[in-house]
Amino acid sequence: MVNDIPLETWNKTDESTVLLSLNKNNDGHSKSVYDAYQGRILILFLAFTLLIFTFAISAVDLWSDLGSNDGDQPVQSSLHPIAIVDGHFSFETSEYLVRCAPIVRCDSGNKYRTANGTCNNLNNPIWGSSNTPFVRLVKAHYSDGISKLRVSSENNKPLPSAREIQIRLFLNKQSKIPDKNNQLLMQWGQFIAHDVSNLAVDTDGRDCCLYGPDLPSCEATIKIPVDDPVYSEYNKTCMRFTRAMTSNNYSCPLQPSTFMDDASHFIDGSQIYGSNDYIMTSLRSFTDGTLKSVTADDGQEFCPHSSEESPSGANKYFYNSGDSRINMNLGLALFHNMFMRFHNYVAFKLKSANSTLSDETLFQESRRIVGAVIQHVTYTQFLPIILGKNYTENIILVDSKYDPSVNPSTSQEFSAGAFRVLHNIVPAQQRLVDSNYTTVRVINVTDWMNRPYLLQEQSSNFDNLLRGMLYTGGRSSQHSYNYLISNFMFHPDNSVIGTDLLSYDIQRGRDTGLPPYNKMRELCGLSVAYSYDDLADVIQSDDIYKLEELYDSVNDIDFLVGALLETPEDDALVGKTSRCVIGDFFRRSRTGDRFFYDNDAEHPGKFSKDKLEVIKSISLDHVICATSLVDHLQNNSFTKIDNGWYSSMKWDCDEKYKIDFKPWEEEHCSN
Ligand code: HEM
Ligand SMILES: [Ca+2]
């Protein structure tokens, strides 16, 4: 039940590296092992075979595209809310703008983004900036209209407990369907989530189960049923849960409860650089444009260690970065370290290309490039898998216009609801794989939460975990979260018992006043369900039956619960309503971002044609090659590298994944 990774596919690759003979030898450098003559024949043979393969695959693609899309018609263009929300956010956001928003003056000549995201939109300078509210697509839903959690619409009683819903609907639905994506896909999702969304929760260490509901922040603890299959063994009947901070905590009393995003809402790498000047300054070295780092004995670079010590004891440090959640899980800490290294790599290359650049210019220019790469990977590699290829092309990337009337802010429904559906692809376990493709260690994700130091415990751990994430199939998208994060998240040392991410997500939806599932269906152009049977368009009948048992009314179903049960749409990993809310955010985040790397906005920071071409040639594979000892990769960063014949063709980092910094050389003075 616990292990959701098919172990049998993990063993050392026998033939995978033989074909191109680009395998890494023990000291971590690539080496060619065939002689020149045999090599040439082999290459010719391979090139020919590849040509035939590519032709065949293109033909199949063309055929299936035509088949699935009824002859190139734009898909789903009628599904809102991308269009209907433009400029129509609900009341409380405009209240914030009128009553609490700071007055900001902008210099339209600035080439670079501000740290907190202000002045992106010159008419509405605080749009998308940190410490401004999440926008709502639908008005807040509270039982008192202000802040109390939603109750049943039939009898005014509390809704079923979040944990009860987890137990009855999801906990026993663990599927091991193999996934063609690898674990990096999931990790990119979390990394991006933290770029655009940070909801502050009052975490003073208080155990709300001890304090009880008299304390307002503790009024939403989660009730655990007495027959809970896991927690009853430990006599646990209450799961601690603290309510999120509201605008009141930011000296802006608004009703109904309004929640602030501590991250800059734009996809701008704020999780690496910080979402305000103070954090950004603290992370810079002020030498040659680099970010601060520590160098391990073997020369590897890591994020600075935080002065705060990990509860796990001496020398068990936390890392510091632009987002405090860096230490939450190992894969995330790895990504933060990888992008700190990438920033410093870019800064070094820029300095080599143009030695006259100041520390400030090197830093800002590297940050501009890194931010652009993050956007490029998100829109061209990540979203086509999450939302589907046609949807991404025809809805999200349909044009490259910058529209200053579009508010780019993260929506409450996206961050507390739809994007969390992808917690369903978080794997229970991860592998450390060495340069011989041998699995040297398997770890439970939940054993290494808030314990990032494993990355450095042995000098090969960083590369081994990265290799493991590349080579291990992801958890396939399904109607449940893995068993470990459903029970044992954040468990303290020497104890197995922890918390349940799904219960948290359901409760967070109620805490932040998300509308119920039926309202979101309506918003997204599905028919309103008047009876449970009406859900059958997107939810399977056995699940509908269980929903009926749990909820008094079809109008009460929590958004996340309905969304998680929906059948994925087309080639997407998510169902219709999540796709519409996730798609809405990413579309606005592109159209409403003046600095988006490839839109048509004219401003001093616009990339010149040749620089943009370089940015567009960069994939996550380039970043991996520049920052690790992984030295050859398959052609698509998020596809599992397996042992099959076709997919075993890999490309050497030195040959294929080099970044061309020529346009940044001294003689090129353009943007
Ligand atoms: C090992 C992987 C992951 C772990 C352990 C994890 C855990 C968590 C936790 C503990 C929270 C806060 C829950 C709360 O108190 O409300 C959270 C929030 C969130 N997660 Fe994840 N998560 C992971 C991966 C992902 C992925 C893959 C995605 C999406 C693709 C994602 C999207 C989000 C979003 C949007 C939030 C809300 C962020 C905010 O506004 O503060 N997470 N996650
Ligand atoms: Ca950001």
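Residues numbered from 1 in each chain as written. Chains lettered and ligands numbered in written order. Predicted model: local features only at pLDDT ≥ 70, side-chain atom pairs only at ≥ 80, totals over all residues. Heavy atoms only, no water.

Asker: Would you take a moment to explain the overall build of the protein chain for this structure?
Answerer: In terms of helices and strands, the protein chain carries 22 helices and 12 strands. Among the 671 residues that make up the protein chain, the fraction classed as buried is 58%. Sequence-distant contacts, at least 24 apart, represent 75% of the contacts inside the protein chain between residues at least 6 apart. Accessible surface for the protein chain amounts to roughly 27800 Å². Of this, 53% is attributable to carbon and sulfur atoms. (Helix = DSSP H or I, 4+ residues; strand = E, 2+ residues; numbered from the N terminus. Buried < 20%, exposed > 50% of the residue type's maximum accessible area, 1.4 Å probe, protein only. Contact = heavy atoms within 4.5 Å. Areas by Shrake-Rupley, 256 points an atom, 1.4 Å probe, with all protein chains shown as cover.)

Asker: Looking at this structure, how should I read the domain arrangement of the protein chain?
Answerer: The figure often quoted for interface size is the accessible area lost as the parts come together. As far as domains go, the protein chain holds domain 1 (91–185 + 202–264 + 418–570) and domain 2 (270–414 + 591–664). The distance between the C-alpha centroids of domain 1 and domain 2 comes to 25 Å. Summed over both partners, the interface of domain 1 with domain 2 comes to about 6000 Å²; 60% of that surface belongs to carbon and sulfur atoms. Our enumeration of links across domain 1 and domain 2 arrives at 2 salt bridges. Close ionic contact of Arg113 with Asp593 constitutes a salt bridge, the shortest N to O distance being 2.8 Å. Run the count over domain 1 and domain 2 and you get 31 residue pairs in polar contact (both at pLDDT 80 or more). Elements with a minimum of two residues in the side of domain 1 that touches domain 2: α5 (183–196), α13 (454–457) and α14 (461–471). With 8 residues, the single largest contributor to the side of domain 1 that touches domain 2 is α14. The class makeup of the residues in the side of domain 1 that touches domain 2 is 36 nonpolar, 20 polar and 13 charged. (Domains from an automatic or database assignment. Buried area = accessible area lost by both parts, 1.4 Å probe. Salt bridge = Lys/Arg side-chain N within 4 Å of Asp/Glu carboxyl O. Polar contact = N/O pair within 3.5 Å; in protein donor to acceptor, adjacent residues only side chain to side chain. Nonpolar A, V, L, I, M, F, W, Y, C, P; charged D, E, K, R; others polar.)

Asker: Which parts of the structure should I look at to understand empty space enclosed by the protein?
Answerer: Any empty space left between the atoms is revealed when a probe the size of a water molecule rolls over them. Following the criterion strictly, the structure yields 12 cavities of 30 Å³ or more and no others. Roughly 190 Å³ of internal volume is contained in the largest cavity. Every residue lining the largest cavity is counted, 18 residues in all, and those nearest its centre are Arg113, Arg368, Phe595, Gly605 and Phe607. Taken together, the residues of the lining of the largest cavity break down into 6 nonpolar, 6 polar and 6 charged. Lining the lining of the largest cavity are residues from two domains, each supplying at least three of them: domain 1 (91–185 + 202–264 + 418–570) and domain 2 (270–414 + 591–664). (1 Å grid on protein atoms, 1.4 Å probe; cavity = no way out; pocket = protein on both sides within 12 Å on 5 of 7 lines; lining within 4 Å. Points joined across faces, edges and corners; volume = space filled by probe spheres on them.)

Asker: Looking at this structure, I do not really get the coordination of the calcium ion (ligand 2). What am I missing?
Answerer: Any two of four tetrahedral donors ideally make an angle of 109.5 degrees at the metal, while pairs among six octahedral donors ideally make 90 or 180 degrees. Coordination of the calcium ion (ligand 2) by the protein comes from Asp195 (O), Asp195 (OD), Ser264 (O), Ser264 (OG), Phe266 (O), Asp268 (OD) and Ser270 (OG), over a distance range of 2.3 to 2.6 Å. Each donor residue of the calcium ion (ligand 2) belongs to the same chain, with the gaps between them written as D-x68-S-x1-F-x1-D-x1-S. Owing to a relative accessible area of 0%, Ser264 belongs among the buried residues under this scheme. (Donors = N, O, S within 2.8 Å, 3.2 Å for Na, K, Ca; no water.)

Asker: Just checking my understanding: could you explain the packing of aromatic side chains for this structure?
Answerer: The description of an aromatic ring pair rests on the distance of the ring centres and on the angle between the ring planes. Applying the stated criterion across every chain, the model contains 28 aromatic pairs. Geometrically, the ring pair formed by Tyr345 and Phe661 is edge-to-face, given 6.3 Å between the ring centres and 65 degrees between the ring planes. Here the residue Tyr345 occupies a position in helix α9 (residues 330–353), and Phe661 occupies one in the segment after α22 (653–656), the gap between them amounting to 316 residues. Residue classification places Phe661 among the buried residues on the basis of a relative accessible area of 8%. (Phe/Tyr/Trp six-rings, centres within 6.5 Å; stacked < 30°, edge-to-face > 60°.)

Asker: Got a minute to help me understand the UniProt feature "binding site: heme b" (unreviewed entry) in the protein chain in this structure?
Answerer: Annotation from UniProt places "binding site: heme b" (unreviewed entry) at His423. For His423, the location among the structural elements is in the loop between α12 (412–415) and β9 (429–433). The contacts of His423, once residues within four sequence positions are left out, are Tyr481, Ile485, Leu501 and Asp505. (UniProt positions renumbered as here; feature names shortened; annotations may be inferred.)

Asker: What am I meant to see in the site of ligand 1 here?
Answerer: Lining the immediate surroundings of ligand 1 are 23 residues, of which Ser197, Leu199, Arg420, His423 and Arg508 lie closest. Backbone polar atom of Leu199 to an oxygen atom of ligand 1: 2.9 Å apart, as the coordinates give it. Put simply, the parts of the chain that give the shell around ligand 1 at least two residues each are α5 and α15 (501–511). Per element, the largest residue contribution to the shell around ligand 1 is 4 residues, and it comes from α5. Considered class by class, the residues forming the shell around ligand 1 number 13 nonpolar, 7 polar and 3 charged. Built from parts of two domains, the shell around ligand 1 gets at least three residues from each of domain 1 (91–185 + 202–264 + 418–570) and domain 2 (270–414 + 591–664). (Near = heavy atom within 4 Å.)

Asker: Looking at this structure, how should I read the packing of α5 against helix α10 (residues 359–387)?
Answerer: Two quantities define a packed helix pair, namely the angle between the axes and the distance from one axis to the other. The interhelical angle for the contact between α5 and α10, taken along N-to-C directions, is 125 degrees, at an axis separation of 11 Å. Here α10 runs oblique to α5, going by the angle between their axes. Between α5 and α10 lies a crossing of left-handed hand. Here α5 contributes Leu185, Trp188, Gly189, Phe191, Ile192 and Asp195 to the contact with α10, which in turn contributes Ile374, Val377, Thr378, Phe382, Ile385 and Ile386. Grouping the amino acids of the contact of α5 with α10 by side-chain chemistry returns 9 nonpolar, 2 polar and 1 charged. (Axes fitted to C-alpha atoms, helices over the stretch in contact; angles between N-to-C directions. Parallel < 35°, antiparallel > 145°, perpendicular 65-115°, else oblique. Left-handed = near helix turned anticlockwise from the far one by under 90°.)

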